[in-house]
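Listed here are the chains, written in short residue letters.
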Amino acid sequence: MAESEERIYGKNLICVCVDAIENDDIKGAMWTPYEEDSIPFVNSLDLIMKMDALYDEWDFPQRVSAYRTFGKKDSCKVFHNSNSIRKREPIRTLKSYRGEVATFLIQVKFRQHTSWQGQVLWADKKKKMHFRSVLELLKLLGSALEQSED
């Protein structure tokens, strides 16, 4: 029986193109269906922070709680901003973008318990996994990259 092709759908898909692994960390660019240009990231923390900022800008998925900080209080935006992707149409599809090392399509379905829940598709191998936290997402990306090195 032929393998079924895994797919992932959603208005808030992000294509993460890993172009290099430096000092045991990833470097590359991410593409969204709504931004004109790619958004570069220099390491996994930078990737997560930029994705989280996009979700806040898009107002989707909405975060449930404000983040704790050592400094000033988190300025949790009022929900339903005018830039919500609920009101925007995509300007591109993401299936043609590829990283030099690996490519992942990430859909965060929920931002609950100050973390993310969703699914990730390793586009190069057409394998899809669900994750329950940002840490689990990073571990899934790491395990895929370890396999791609073999």
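Here, every reference points to the structure presented above.
Residues numbered from 1 in each chain as written. Predicted model: local features only at pLDDT ≥ 70, side-chain atom pairs only at ≥ 80, totals over all residues. Heavy atoms only, no water.

S.K.: How would you sum up empty space enclosed by the protein? Please name residues and give values.
M.R.: Per the stated rule, a full pass over the model turns up 2 cavities of 30 Å³ or more. Roughly 50 Å³ of volume is contained in the second largest cavity. (1 Å grid on protein atoms, 1.4 Å probe; cavity = no way out; pocket = protein on both sides within 12 Å on 5 of 7 lines; lining within 4 Å. Points joined across faces, edges and corners; volume = space filled by probe spheres on them.)

S.K.: Can you break down the pairing of strand β2 (residues 25–31) residue by residue, with the values?
M.R.: Most of β2 is tucked away: 5 of the 7 residues are buried. Pairing of strand β1 (residues 14–22) with β2 involves 7 bridges; the strand directions are antiparallel. Opposite Cys 15, over in β2, you have Trp 31 as the bridge partner. Counted between consecutive antiparallel strands, the loop separating β1 from β2 contains 2 residues, among which Asn 23 sits at a positive phi close to 55°. (Buried < 20%, exposed > 50% of the residue type's maximum accessible area, 1.4 Å probe, protein only. Helix = DSSP H or I, 4+ residues; strand = E, 2+ residues; numbered from the N terminus. Pairing = 2+ DSSP bridges.)

S.K.: I'd like a rundown of helix α1 (residues 44–58), residues and numbers included.
M.R.: Between its terminal C-alpha atoms α1 stretches 21 Å, which fits the 21 Å expected from 15 residues at 1.5 Å a residue. Every buried residue belonging to α1 is among Ser 44, Asp 46, Leu 47, Ile 48, Met 51, Asp 52, Leu 54, Tyr 55, Asp 56 and Trp 58, and all of these are buried. In the core, the buried residues of α1 are packed alongside β1, β2, β3 (39–41), β4 (102–110) and α2 (134–149). Among the residues of α1, the N-terminal cap falls to Asn 43, whose side-chain oxygen and the backbone nitrogen of Leu 45 are separated by 3.2 Å. At the exit of α1 stands Asp 59, carrying a positive phi of roughly 60°. (Expected span 1.5 Å × (residues − 1). Contact = heavy atoms within 4.5 Å. Polar contact = N/O pair within 3.5 Å; in protein donor to acceptor, adjacent residues only side chain to side chain.)

S.K.: How would you summarise the sheet that holds β3 if you had to cite specific residues and measurements?
M.R.: Pairing between sheet strands relies on hydrogen bonds along the backbone, with the strands arranged either parallel or antiparallel. Reading across from one edge, β3-β2-β1-β4-β5-β6 is the order of the 6 strands in this open sheet, with antiparallel pairing throughout. The open sheet has two edge strands, β3 and β6 (127–131), and neither has a second partner. Averaged over all pairs of adjacent strands, the angle between their axes in this sheet comes to 25°, without regard to strand direction. Each of β1, β2, β4, β5 (117–122) and β6 touches α2; the most contacted strand, β6, lies at about 155° to it. (Axes fitted to C-alpha atoms, helices over the stretch in contact; angles between N-to-C directions.)

S.K.: I'd like to hear about the side chain of Ser 44, residue by residue, with values.
M.R.: When you line up the elements, Ser 44 lands in helix α1. You can call Ser 44 buried: its relative accessible area is 19%. Once residues lying within four places of it in the same chain are set aside, the contact partners of Ser 44 are Asp 25, Ile 26 and Leu 138.

S.K.: Explain the nonpolar core residue by residue, including any values.
M.R.: Formed by 28 residues in total, the largest nonpolar core has its most connected members in Val 16, Phe 104, Ile 106 and Trp 116. Contributing elements (two or more residues each) for this core: β1, β2, β3, α1, β4, β5 and α2. Leaving out residues up to four positions away in the same chain, Trp 116 has contacts with Ile 48, Met 51, Asp 52, Tyr 55, Val 108, Phe 110, Arg 111, Phe 131, Arg 132, Ser 133, Val 134 and Leu 137. In terms of nonpolar packing, the next biggest core, distinct from the first, is built from 9 residues, Ile 8, Cys 15, Cys 17 and Leu 105 among them. (Core = buried A, V, L, I, M, F, W, Y, C linked by side-chain atoms within 4.5 Å.)

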